[in-house]
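Report on the structure
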Amino acid sequence: MLSINYKNVLGFFREHELEYLHSSAQYANELLETKKGAGNDFLGWVNLPTEALKQVKEINELAKEIRENAEVLVSVGIGGSYLGARAVIEALSNPFSKASKGNTQVIYAGHNMNGEYFKHLLDYLEDKDFYINVISKSGTTTEPAIAFRFLKEYAQKRYGKDGASKRIIATTDANRGALKTLSTENQYRTFIIPDDVGGRYSVLTPVGLIPIAVAGIDIEEFIKGFDSMAKITKDMDYKKNPSMLYAMIRNSLYSKGFSTEIMVNYIPRMHFVSEWWKQLYGESEGKDQKGILPHSVDFSTDLHSMGQFIQDGKRGLFETVIKVQNEDIDLILKKDDNDLDGLNYLDGKSLHEINKTALDATVLAHVDGGVPNLIIEMDKITAFTLGELLYFFEKACGISGHILGVNPFDQPGVEAYKTNMFAMLGKKGFEEMGKQLRDRLNK
C-alpha cells in the first residue's frame with residue numbers, strides 16, 4: 001500500500017504544529033465525504049469507483065473493437081480531458097512499442113494550437129487506420145474544437161461520412177452542448193461525462209477509461225486501486241489516512257514560507273503522472289492570491305539542470321518524491337576489463353539499485369541544502385497502484401484546498417485568457433473588447 005515517509009520535513013516544522021492542523025483536515029475530509037462545502041456540486045469523483053465498475057464491460061468491448069480495427073486512437077482533449085489517461089498509459093506502456101492492430105497506440109490532439117504539430121499528426125495517420133475519441137463537455141473549448149474539425153474532415157476523406165461516424169467516439173455532456181448535438185446528428189457513439197465531475201478529477205470516467213482500455217491496460221484493476229484508496233481515506237485519523245497527512249504536511253510547510261512544491265520521480269514513464277499532478281494542484285489551489293506553486297522534475301536527468309537551483313538556489317521550495325520500491329524489468333552492470341569509464345565498482349549492481357541509491361543520496365543532499373523532502377512510497381507501478389496513487393492525490397487536493405481556504409473545484413482564472421483570445425480573434429459579441437485589447441498591444 002502507498003505510504004508517506006515525512007521524517008525529512010520535521011527539521012523544518014515541529015510535530016505538534018502538524019497536530020494543530022488535524023481538526024482542519026478532519027473537517028475538510030468530512031466536507032468531501034458528505035459532499036458539502038465550496039464546490040460541492042463537483043464532488044461526484046469522491047465515490048466514483050462504484051459507478052465506474054458498472055461501465056467496464058461496455059468500455060472493454062469498445063476497446064476490443066478499436067484494437068482489432070485500428071493502429072491508432074487519436075484522443076482529442078485538453079487539460080483533464082487527456083492528462084489523466086496519458087499519465088496512466090505512459091506509466092504502464094513500453095515507449096518503444098510499434099503501433100499495430102492489436103497493439104493500438106494512443107496519440108493526442110487538441111491540447112495545443114500549433115499548426116506544425118497538427119500537420120505532422122495528420123501525416124503520421126496517412127498509412128494507418130485510426131479512430132477518434134473527442135472529449136469535451138461543451139464541444140466549444142477552442143483547442144480540441146479546432147483539432148476535431150481537422151480530424152473529422154480527414155476521417156471523412158479517408159472513410160466517407162458514414163464510415164467516419166463509426167470511427168468517432170464522443171465523450172461529452174449527457175444532454176446539451178455543441179458536441180452532444182453534433183454526436184446526435186452524426187450518430188457518433190457517445191459516452192457521458194458526469195455533471196458533478198470536473199475535468200481534472202475525471203480520469204475514472206469514460207474520459208480516462210476509454211483511452212486507457214484501448215492501450216491494453218486492465219481498467220478493472222485500475223478502478224479497484226481507486227476504490228481501495230477511497231476506502232482508506234474515509235478515515236479521520238491522519239496517521240491512517242495518507243491523503244490527510246499529505247495535505248497537512250503541505251500546509252504546514254506553506255505556513256513556514258515554502259510556497260513551491262517540486263514533484264520528483266526517478267522513472268521516466270512516470271513523467272506524465274507529474275504533469276497530471278501539476279494541473280490538479282495548480283488549477284485547484286492557485287486562486288485568491290494563495291497557493292503552492294506546483295513544479296516537477298525527472299531525476300536523475302534534471303539533476304544536471306534544475307538540480308543546481310534546488311540544491312543551492314533561492315529557498316522556499318520543498319520536494320515530494322515518488323519512490324518505487326520494486327521493478328519487474330532490470331539490468332545488471334557487468335565488469336569491463338579496461339574500466340576506462342571507472343564503473344567497475346558497480347559490478348553486479350542493478351540499475352534499479354543504482355537509481356534508488358541516487359534517490360536516497362539526493363534526498364540527503366537537498367535536505368542538507370535547506371529543502372524539505374517527503375517521500376511517497378509505492379511497491380511497484382501497476383494499474384492497481386496507479387489507481388491508488390491518483391485517488392490519493394485527488395483526495396489530498398480537496399482536503400488541502402479547504403485547509404487553504406479556497407474552492408478546490410473551480411477555475412475562474414482559466415477564463416481570462418479565453419475571453420481575451422475570443423475578443424482579439426473577432427468572435428461575435430467581443431468586437432469592442434477586441435479593439436481595446438489590440439490598442440493596448442500597439443501602444
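As a reminder, the structure under discussion sits directly above these lines.
Residues numbered from 1 in each chain as written. Predicted model: local features only at pLDDT ≥ 70, side-chain atom pairs only at ≥ 80, totals over all residues. Heavy atoms only, no water.

Turning our eyes to something else, we now look at the overall build of the protein. Per the secondary structure count, the protein includes 17 helices and 10 strands. Dimensions of the protein, computed from C-alpha atoms along their principal axes, come out at roughly 60 × 60 × 55 Å. With 443 residues in all, the protein has 51% of them scored as buried. Long-range contacts, defined here as pairs at least 24 residues apart, represent 77% of the contacts in the protein between residues at least 6 apart. For the protein, the accessible area works out to roughly 20700 Å², and carbon and sulfur atoms hold 51% of it. (Helix = DSSP H or I, 4+ residues; strand = E, 2+ residues; numbered from the N terminus. Buried < 20%, exposed > 50% of the residue type's maximum accessible area, 1.4 Å probe, protein only. Contact = heavy atoms within 4.5 Å. Areas by Shrake-Rupley, 256 points an atom, 1.4 Å probe, with all protein chains shown as cover.)

Residue placement: Asp196 occurs in the loop between β6 (189–192) and α9 (206–214). Between the C-alpha atom of Asp196 and that of Asp336, which follows or precedes it by 140 residues, the distance is 60 Å. For Asp196, the contacting residues outside a window of four places in its chain are Asp41, Phe42, Leu43, Gly44 and Trp45.

Turning next to the packing of helix α4 (residues 56–69) against helix α10 (residues 219–232). Contact geometry for α4 and α10: axes closest at 10 Å, N-to-C directions at 145°. Facing α4, whose interface residues are Val56, Ile59 and Asn60, α10 presents Ile219, Glu220 and Ile223. (Axes fitted to C-alpha atoms, helices over the stretch in contact; angles between N-to-C directions.)

Time to look at the pairing of strand β7 (residues 260–265). Burial within β7 is extensive, with six of its six residues counted as buried. Burial along β7 is two-sided: the residues Thr260, Ile262 and Val264 and Glu261, Met263 and Asn265 are all buried. Examined bridge by bridge, β7 and strand β8 (residues 293–298) share six bridges and lie parallel to one another. For Ile262, the partnering residue across the bridge sits in β8 and is His295. Chirality of the crossover, the property in question, places the unit of β7, helix α12 (residues 271–285) and β8 among those that are right-handed. Both β7 and strand β9 (residues 317–324) contribute to a ladder of six bridges, which runs parallel. In the sheet register, Ile262 faces β9, and the bridge partner there is Glu319. (Pairing = 2+ DSSP bridges. Right-handed = clockwise from strand over helix to strand, strands pointing away.)

What follows is about the sheet that holds β6. Spatial strand order, β3-β2-β4-β5-β6: five strands in an open sheet with parallel pairing. Both outer strands of the open sheet, β3 (105–109) and β6, are each paired with one neighbouring strand and no more. The mean inter-strand angle of the sheet, taken between neighbouring strand axes irrespective of direction, is 20°. Note: strand β2 (residues 72–76) against β3, five bridges, orientation parallel. Bridge pairing in β3 links Val72 to Gln105.

Formed by 90 residues in total, the largest nonpolar core has its most connected members in Phe222, Tyr246, Ile249, Met270, Leu389 and Phe393. Considering every element that reaches this core, the biggest residue donor is helix α15 (residues 383–404), with 11 residues. Non-local contacts of Leu389, meaning those with residues more than four positions away in its chain, are made with Leu2, Met270, Val273, Ile322, Ile376 and Met378. (Core = buried A, V, L, I, M, F, W, Y, C linked by side-chain atoms within 4.5 Å.)

Attention now moves to the side chain of Asn8. Here Asn8 shows up in the loop between β1 (3–5) and α1 (15–20). Setting aside chain neighbours within four positions, we find Asn8 in contact with Val363, Val367, Pro372 and Asn373.

What follows concerns unusual backbone geometry. Excluding glycine, most residues fall at negative phi; most peptide bonds, likewise, are trans. The residue after Phe299, namely Ser300, is reached through a cis peptide bond having omega 10°. In this fold, Ser300 is placed in the loop between β8 and α13 (306–312). Look at Gln187: it is not a glycine, yet its phi comes out positive at around 60°. Among the structural elements, Gln187 can be located in the loop between α8 (178–186) and β6. The class for Gln187 is exposed, based on a relative accessible area of 69%. Despite not being glycine, Gln289 shows a phi value in the positive range, around 60°. As for its position among the elements, Gln289 is in the loop between α12 and β8. Assessed through its relative accessible area of 82%, Gln289 is described here as exposed.

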